[in-house]
Amino acid sequence: MHGLLERDTELAAVRAAVAELAGSAASDGRRGPGGPGTGSGSEAASDAATEAASSGVADLATDRLVVVTGAAGLGKTSVLAEVRQAAEAAGLLVLATRGGEQEQGSAFHVVRGLLRMLLESAGEEGQRELLGAWYDIVAPAVGIATTGAAPDPQGVRDGLDWVVTNLAVARGPLVLVVDDAHWADAESLAWLAAFSSRVADLPVLLVVAYRPDELPDWADAFRGMAGHNGVRPLGLAALTPEAVDALVRRMYAESGQRVEDGFAREIWAVTGGNPFETVELVAKAEERGIVPVESSWPRLRELSAETKGSGLIARLQRLGSGPVQLARAVAVLGIATPRPLAAVVAALMPGEAEAAAERLREARILTGRQTLEFVHPLIASSVYRSISEEMRAELHDRAAWAVLEAGRSPVVAARHWLEVPPSGNAALVDQLRAAAQLFMQSGAPETAQRCLARAAEEPPPVGERAHVLYELGCSTLLYDPAATAGQLRTALEQPVVPERLREEISVRLAQSLAHSNNLAEAASTMAAEALRTDSAEVRLKLLVWNFMWCAFDAWEQGSEERSKRLADLAERLDVEGDRSIAARYILGLRAWDATVRGEPVDVALHYSDLALEGELRWAHPEWGFEVPVLVALTYMYGDRPERALELFAKGIAEYEEAGWRGAHLAFGHTIRGYVHYRTGDLAAAEESARLGLDLANRVGEGTPVHWYAVGTLILVLTSRGALDEAGALAERYRFHAPYSNAVVFPDSQSVRGTLLLARGEFVDAEAELTEAGARLDARGMRNPGWCGWERGLMSACAGLGDLDRARTLAEDQLERAERYGTLSAIGTALRAAAEVTEDPAERVARLGTAVQILERAPAPYERARAMLDLAVARRDMGLPSRETFEQAAELAVACSADGLAEAARAQV
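Residues numbered from 1 in each chain as written. Predicted model: local features only at pLDDT ≥ 70, side-chain atom pairs only at ≥ 80, totals over all residues. Heavy atoms only, no water.

Colleague: I keep staring at the sheet that holds strand 8 (residues 371-374) and nothing clicks. Help me out?
Modeller: Each strand in a sheet pairs with another by means of backbone hydrogen bonds, the pair being arranged parallel or else antiparallel. Spatially, 3 strands are ordered 6-8-7 in an open sheet, and the strand pairing comes out antiparallel. If you trace the sheet from one side to the other, it starts and ends with strand 6 (337-338) and strand 7 (366-367), each paired once. Where strand 7 lies against strand 8, 2 bridges are found, and the strand directions are antiparallel. Residue Leu 366 lies in a different strand from strand 8, and its bridge partner there is Phe 374. Docked against the sheet, helix 15 (residues 321-333) engages strand 6, strand 7 and strand 8, running at close to 85° with respect to strand 8. (Pairing = 2+ DSSP bridges. Helix = DSSP H or I, 4+ residues; strand = E, 2+ residues; numbered from the N terminus. Contact = heavy atoms within 4.5 Å. Axes fitted to C-alpha atoms, helices over the stretch in contact; angles between N-to-C directions.)

Listed below in C-alpha cells is the structure:
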C-alpha cells in the first residue's frame, strides 16, 4: 500500500494484537470461522509476535483494544485494512463498519453495520439464534424486527453485550473494526465505550479509528475509552520529507520516470506530508503528464488546489451536470449508496447515472459500480458543503421519499427530513412519528425526540398537534423530565385534545413533575383532573396517581386527611369487590399507607393480599412499578420476607425481560438488598445493594435511585462494622442535607444519623435524628418498624447523658411497635428500651424477653444484637455470660455482622 510508509510501529502493534488473539484462541483449542485446515492462523500469529518484539512494541501486543487516531488523510483506514487482512489470514471472524458524516444522527447505525453481514445471511431462524433471549430487546436496534415494547437504552446495551460476547465465544475469536468513529451515532458510541471494558476478558479484539479534533463534545465516554482501559492510542503523524520522497519515487517508477529531488520536496511542502493528499497529487500529476522535475513545482501547486476545497468543486463542475448531480446525490445519501437510488435523487435516467458514475471514477472522485462511495471522506465532505442550502434541503427531501419508495424503513428516511425546512406536510409528520416510534422501540429515546421535535415544527394538522406533543413529551421523560412537563403543558393547551388523550397527557405530566422533584404539583395535577372527568373509571385511575405522588412527597401537607380518604376508598372497593387494576393499585397504596403510619399489621397485610388478587405487573408501561414495589415491601415489614423476596424476584425478572435495565433494575436490586438487610442476611444485602449502586451509576449520578442505593449500602456497611467505608461512601455521593424531596426508604436522614451514631458523633447524630423524627411524625409516618429514627435518637441522647429524654423515646417507640404488632418491631424496640433501663435486673429481663420474641421473628441480626446486649447485662450483674456471648457471636457470624461478631468474641 502506498500510504503505509513510516507506519512500522503502528502496523506491528495491530498485527501483534491480532496475533495475541489468534494465539490465545489456539491455546484454548478454539478455531476461527475458517475451521480446520486453514493452516495459516498460528504461523501468522507467531510472525506478528516476532515483528512486534523486534519493533519494541510488544507491550501493545496484548491489548484487546486498539485505538488509532489522526487527522484526515493520515492513513487510519489503511492501518485498519491491515487489521482486517491479518485477522482474516489468521482465520478470525471479522466484523467491520464505519461511521458516516450523514449517518451520525441515525441511532445504532454503526452497530447495525457491524452485524449486518451476519444478520442478512442468517435468515429469521438464524437471527433468532444469534440474538437469543435478547431478540425482542435487541432486534429493533439492529433493524431486523419491531416490537411493541420500548426498552431503556441500558437494556439495549446489555443485550448487545450478550450478543457480541456469545458470538465471540461460539463463533470467534472475533475482531470488531470501526473506522471513522468520530462520525458514529451517539447510541453506538455509548455501547462501544461501555463494551470496551469487557474485551480484555473475551476472545475479542476491538479496533477503532477516529479524528480526535472531530469527535463530538457529547462523546466524553468514548473519548476517554483508551485511558480508562489503560491503552495508549496509536496516533498517526504526517509523513517526513524522506517518506514522501520514497512514495513519490515509487509511484513514478511504475511509469519508468526518474524523479528529481526538488520535485518530491515540493510535493511534501504542498501536502504537508499527508499520505492521502500526496497520493492524489501524484496521481493527478501523472494524469496531466507533469514531468517530475523541480521546475514543475508551479503546476504542482495549481494541481493541488484541484484536489480539495473549492478547487475540487471546480474540477467536479468541469465534468458536466450529470456527474455534478450524481456526486451531490451520493454526498446526501451517504456511505454505500446504491447507484439506482442515487440516480433517483439526482434526477438522472439509469444510463445517464451509469455514464456519470464512470466519469467520476475516472476523476478519482467516486469508487464502485453498483454501490457508489467517495474515494475519501474528505471529498464527500467538500462536495456536501458545496451544495447550496436550498438545493441541499431539496435533495434531502428527495432522498427521504426515495429511500421509502425503495422499501427502506422510516428510520433511514428520518435523518433526511431533519434537514428539510418545515412546510406543513402532513405526510412528513406521519413518517417522522413512525420513525420516532421505531427509535423508541430501539432504545434510542433521544433520537426519537429529535424526530418528534421536527414533526412539531412542521406543524402537524390541528387535530394531531396534541398527539405529537404528547409523544414528544413521552420521548424525553427518561432523561429530561423538566422538558417533558413543558411539552405536555403545551399539549394540553391545544385547541383539539380528545378526552382519552387528555387523561394520558395529564398522567405523564404528573410523572414528569414527580421525576423533577415537584411531587406536590404532581399530586395536585392528578387531583384536579380527577375532579373534572365524568368517567368513574378514569377518576379512579387518576386518584391512584394522586394518592401515590402524595405518598412519596416527603413534605406533604394534610397527610392525615389524605390517609383517611384513601382508607375510606379502599374499604369501599373491598366491600364492593372491585378488583380492576386501578382498584388493586388503590388497595396496594392503602396497604403501604397503613404500614408507614404504624396501623396494625393485619390491616396492611389484608390490603396487600387484596391488591395481589390478580396480576400486578412490575414492568407495566402504563401503570408504573411503584405500587407493586410498595406491596412487596408491605410483606417485608409485616414479617413475611419470603413473600417479599418472591415478589422482588418476579419483578426483577420482568424488568430484565422488558429491557428495563437502568433505573428500574437498580431500584429492584437495591430494595431487594434492603429486604435482605431487614431479614438479617447482611452479606446478601451488601451484594444486592452494590449491584443496585453499580446500575444506578450507569444511569447517572444525582438520580433518585442514588438516594436508595447509597442509603441502603451505608446502612448495611454500618451494620457490618465497616464504618470507614460507609463514611467514604457518604462523602463520595454527598449523602447529606439537602435531602431528596421524595420519601426514600431507608430514610436518608435517619441513615446518616445512624452512621454518625455508630462513629460516636453523638451531637451531630442527635441533630440529624431529631430533625428526621419531626419531619416523619408531621407526615404521620410513625411506625418504628418502618424507620428506626427513634431508636437511634434514644441512643444518641443516652450518649450525651440525657437519660430522661432517652427513656421517654424508648417507651414511645415500644408503644408504637406494639400497636403495629410485628414480632421483629416489638423485639427490636424492647431491646432498645432495655439499653436505657436503669434497673439491672429489669434490663436483663427485658433483653431476655426481646431475645425470645426475636427468635420467632425473621430478624436474626436484631436477635444477635439483643443476645450480645443480654450477655453484657448478665456479665455486669455477675451472672454466667460466656455461653450467651458465644451464641451472640455465632448469630452475628451467621448473618455476616462482622463488627458485632468481633465485639462478641472479644468478650468470650
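From this point, the narrative continues.
Colleague: Could you clarify how one ought to interpret empty space enclosed by the protein in this entry?
Modeller: Any space left empty among the atoms is revealed by the rolling of a water-sized probe across them. Applying the stated criterion across every chain, the model contains 4 cavities of 30 Å³ or more. Approximately 40 Å³ is the volume found for the second largest cavity. Lining the second largest cavity we find Ala 551, Ser 559, Arg 562, Ser 563, Trp 592, Asp 593, Val 596, Arg 597, Arg 779 and Met 781. Contributions of two or more residues to the lining of the second largest cavity are made by helix 28 (559-576) and helix 29 (581-597). It is helix 29 that provides the largest number of residues to the lining of the second largest cavity, a total of 4 residues. Taken together, the residues of the lining of the second largest cavity sort by class into 4 nonpolar, 2 polar and 4 charged. (1 Å grid on protein atoms, 1.4 Å probe; cavity = no way out; pocket = protein on both sides within 12 Å on 5 of 7 lines; lining within 4 Å. Points joined across faces, edges and corners; volume = space filled by probe spheres on them. Nonpolar A, V, L, I, M, F, W, Y, C, P; charged D, E, K, R; others polar.)

Colleague: Even after reading the chapter, I still don't get the pairing of strand 4 (residues 204-210), so can you show me in this structure?
Modeller: Moving residue by residue along a regular strand, the side chains alternate between the two faces of the sheet. Burial analysis of strand 4 places 7 of its 7 residues in the buried class, which makes it a mostly covered element. Neither face of strand 4 is open: one carries Val 204, Leu 206, Val 208 and Tyr 210, the other Leu 205, Val 207 and Ala 209, and all of them are buried. Bridging between strand 1 (residues 65-69) and strand 4 involves 5 bridges; their strand directions are parallel. Bridging from a neighbouring strand, Val 66 pairs with Val 207 of strand 4. Where strand 3 (residues 174-179) meets strand 4, 5 bridges bridge the pair, whose relative direction is parallel. Note that in strand 4 the partner of Val 177 across the bridge is Val 207. One crossover worth recording links strand 3 to the parallel strand 4 by way of helix 7 (residues 186-195), and it is right-handed. (Buried < 20%, exposed > 50% of the residue type's maximum accessible area, 1.4 Å probe, protein only. Right-handed = clockwise from strand over helix to strand, strands pointing away.)

Colleague: For this particular structure, what's the right way to read the packing of aromatic side chains?
Modeller: To describe a pair of aromatic rings, one takes the distance between the centres and the angle between the planes. Per the stated rule, a full pass over the model turns up 20 aromatic pairs. Aromatic side chains Phe 625 and Phe 667 sit 5.6 Å apart centroid to centroid with 40° between the ring planes, which places their arrangement in the tilted category. Placement of Phe 625 in the loop between helix 30 (601-611) and helix 31 (626-637) and of Phe 667 in helix 33 (residues 663-678) is noted, with a sequence separation of 42 residues between them. Both residues of the pair, Phe 625 and Phe 667, count as buried. The interplanar angle of 65° and the centroid separation of 6.5 Å between the aromatic rings of Tyr 637 and Tyr 674 together place this pair among those described as edge-to-face. In this pair, Tyr 637 sits in helix 31 while Tyr 674 sits in helix 33, placing the two residues 37 residues apart along the sequence. The residues Tyr 637 and Tyr 674 share a single accessibility class, namely buried. Across the ring face of Tyr 135, the terminal group of Arg 128 is positioned such that the distance to the ring centre comes to 3.9 Å. Taking NZ or CZ as reference, Arg 265 lies 5.8 Å from the ring centre of Trp 268, over its face. (Phe/Tyr/Trp six-rings, centres within 6.5 Å; stacked < 30°, edge-to-face > 60°. Lys NZ or Arg CZ within 6 Å of the ring centre and 35° of its normal.)

Colleague: Would you take a moment to explain the sheet that holds strand 4 for this structure?
Modeller: One open sheet accounts for 5 strands, arranged 2-3-4-1-5; its pairing is parallel. Where the open sheet ends on each side, the last strands, each with one partner, are strand 2 (93-98) and strand 5 (234-235). Seen against the sheet, helix 4 (residues 109-131) touches strand 2 and strand 3 and runs at an angle of roughly 140° to strand 2. Along the sheet, helix 6 (residues 153-171) contacts strand 2, strand 3 and strand 4; its crossing angle with strand 3, the most-contacted strand, is approximately 135°.

Colleague: Please explain the nonpolar core as it appears in this structure.
Modeller: Counting residues in hydrophobic clusters, the biggest one holds 259 residues, and the most contacted among them are Phe 222, Leu 326 and Phe 745. Phe 222 has contacts with Ala 181, Leu 189, Leu 192, Ala 193, Val 208, Tyr 210 and Leu 215, leaving out every residue within four places of it along the chain. Residues Leu 74, Ala 86, Leu 92 and Val 207 belong to the second largest nonpolar core, which totals 26 residues. (Core = buried A, V, L, I, M, F, W, Y, C linked by side-chain atoms within 4.5 Å.)

Colleague: So what exactly am I meant to see when it comes to the packing of helix 10 (residues 241-253) against helix 11 (residues 261-271) here?
Modeller: Axis separation between helix 10 and helix 11 bottoms out at 9 Å; the angle between their running directions is 115°. Once helix 10 is placed against helix 11, the crossing between them reads as right-handed. Here Pro 241, Val 244, Asp 245, Val 248, Arg 249 and Tyr 252 of helix 10 come into contact with helix 11, specifically with Asp 261, Phe 263, Ala 264, Arg 265, Ile 267 and Trp 268. Among the residues making up the contact of helix 10 with helix 11, the classes are represented as 8 nonpolar, no polar and 4 charged. (Left-handed = near helix turned anticlockwise from the far one by under 90°.)

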